[in-house]
Structures are given as C-alpha cells and as structure tokens.
Amino acid sequence: MPYVVDFKDVSTVGLEPSPVAEALAGLRANEGRYYRNKYDHVFTVSPASEAPDVVDRVNRILKEEREIVIGSRPLEATAFEVDGLRMDYVFFESGLSVNVMYSIENGGKRAVGFKLAEGMEIPEELASRFKFARQKSKLAGVIRGSYFVIKGEY
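Our subject in this report is the structure included herewith. (Residues numbered from 1 in each chain as written. Predicted model: local features only at pLDDT ≥ 70, side-chain atom pairs only at ≥ 80, totals over all residues. Heavy atoms only, no water.)

### Quick word on the side chain of Ser 72
With respect to the helices, strands and loops of the structure, Ser 72 is situated in the loop between α2 (52-66) and β3 (74-82). Side-chain polar atoms of Ser 72 contact the backbone nitrogen of Ser 94, separated by 2.9 Å. Ignoring any residue separated from it by four or fewer positions in sequence, one finds Ser 72 in contact with Phe 92, Glu 93 and Ser 94. (Helix = DSSP H or I, 4+ residues; strand = E, 2+ residues; numbered from the N terminus. Polar contact = N/O pair within 3.5 Å; in protein donor to acceptor, adjacent residues only side chain to side chain. Contact = heavy atoms within 4.5 Å.)

Now the structure itself:
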C-alpha cells in the first residue's frame, strides 16, 4: 500500500526492520520535502515487494554501470517523473537510499545517487569506490552522499 511521505511528522512506517529506522525515515522525509518544495510533487513510496520493476531497474543500472550489487534488502521503492526527469528511489534496510535520475531527453542529466542514513556504516560494496560528502538536515541529521554519472542507455 503506498505511503505519502510526511516531512512535518516524520514516521518510520515501512522502515521498521531497519536498525537505523528513525534516521532512514528522516532521510526519506528530507527527500519528500525537497520534491515538494522544488517541484510541488508529493513523494509517495510503496513496499519494495509492490514495486519490483523499480527495484529491478535500479539494481540493473548499478550492476551494468559499475558492477555494484547492494547486499541489503530493499524495503521501499518509488518511481515518478518531474521536470523531464524520471526518478527511481529504493530505500534499503541498512539505511542506504539509492536514486536514479534519468533525463528523458537525450543529452540530459543521468546519474545514480547514494545517501546514507545517520548511524549506518558505508556499505562494503561502496566503501572502496566512492567518497561521501556530508550535509546536515533538520529532518535527517547528517546525511552522507555520493553519486556517479550514468554512461549507458536505460
């Protein structure tokens, strides 16, 4: 069942299995606030089991672009379009959020972003490959993030 992410009253709904559920909920709320403020888009997520196409697409891009396989279980996923961009998000049990930003028009921005919820370690599959920058968020505490540019067509 879809869940509209509330960034005023942050909830761990759907993220309870995560050892960093509260921080992951703050990270999810931070994303919800961003899309609401920038694009007037309501950020809605579903259990990963109800969005297997989104999880599969994100996993395929990670595997084909960088030989990355995320070891954590996906908890939630969403896909939507805003301002000529197709966005895919997967929130993992470990506290990792992966998003794919894919410009619908050729030649536009296409990238994969990683965000780590406060309190989680950098996943082994990412630790030696990426440097993570820190940003502070009122909703999520300290978020660590990194990204790479997508080269292929998906």
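### Some words on helix α1 (residues 21-39)
Between its terminal C-alpha atoms α1 stretches 26 Å, which fits the 27 Å expected from 19 residues at 1.5 Å a residue. Restricting attention to buried positions, one finds in α1 the residues Ala 21, Ala 23, Leu 24, Ala 25, Gly 26, Leu 27, Arg 28, Ala 29, Asn 30, Glu 31, Gly 32 and Tyr 35. Trailing α1 by a residue or two, Asp 40 shows a phi angle of about 55 degrees, which is positive. (Expected span 1.5 Å × (residues − 1). Buried < 20%, exposed > 50% of the residue type's maximum accessible area, 1.4 Å probe, protein only.)

### What to know about the packing of aromatic side chains
Under the definition given, this model contains 14 aromatic pairs. With centroids separated by 6.0 Å and ring planes inclined at 90 degrees, the aromatic side chains of Tyr 35 and Tyr 89 adopt a geometry described as edge-to-face. With Tyr 35 in helix α1 and Tyr 89 in strand β4 (residues 85-92), this pair connects stretches of sequence that are 54 residues apart. Note on Tyr 35: relative accessible area 4%, which makes it buried. (Phe/Tyr/Trp six-rings, centres within 6.5 Å; stacked < 30°, edge-to-face > 60°.)

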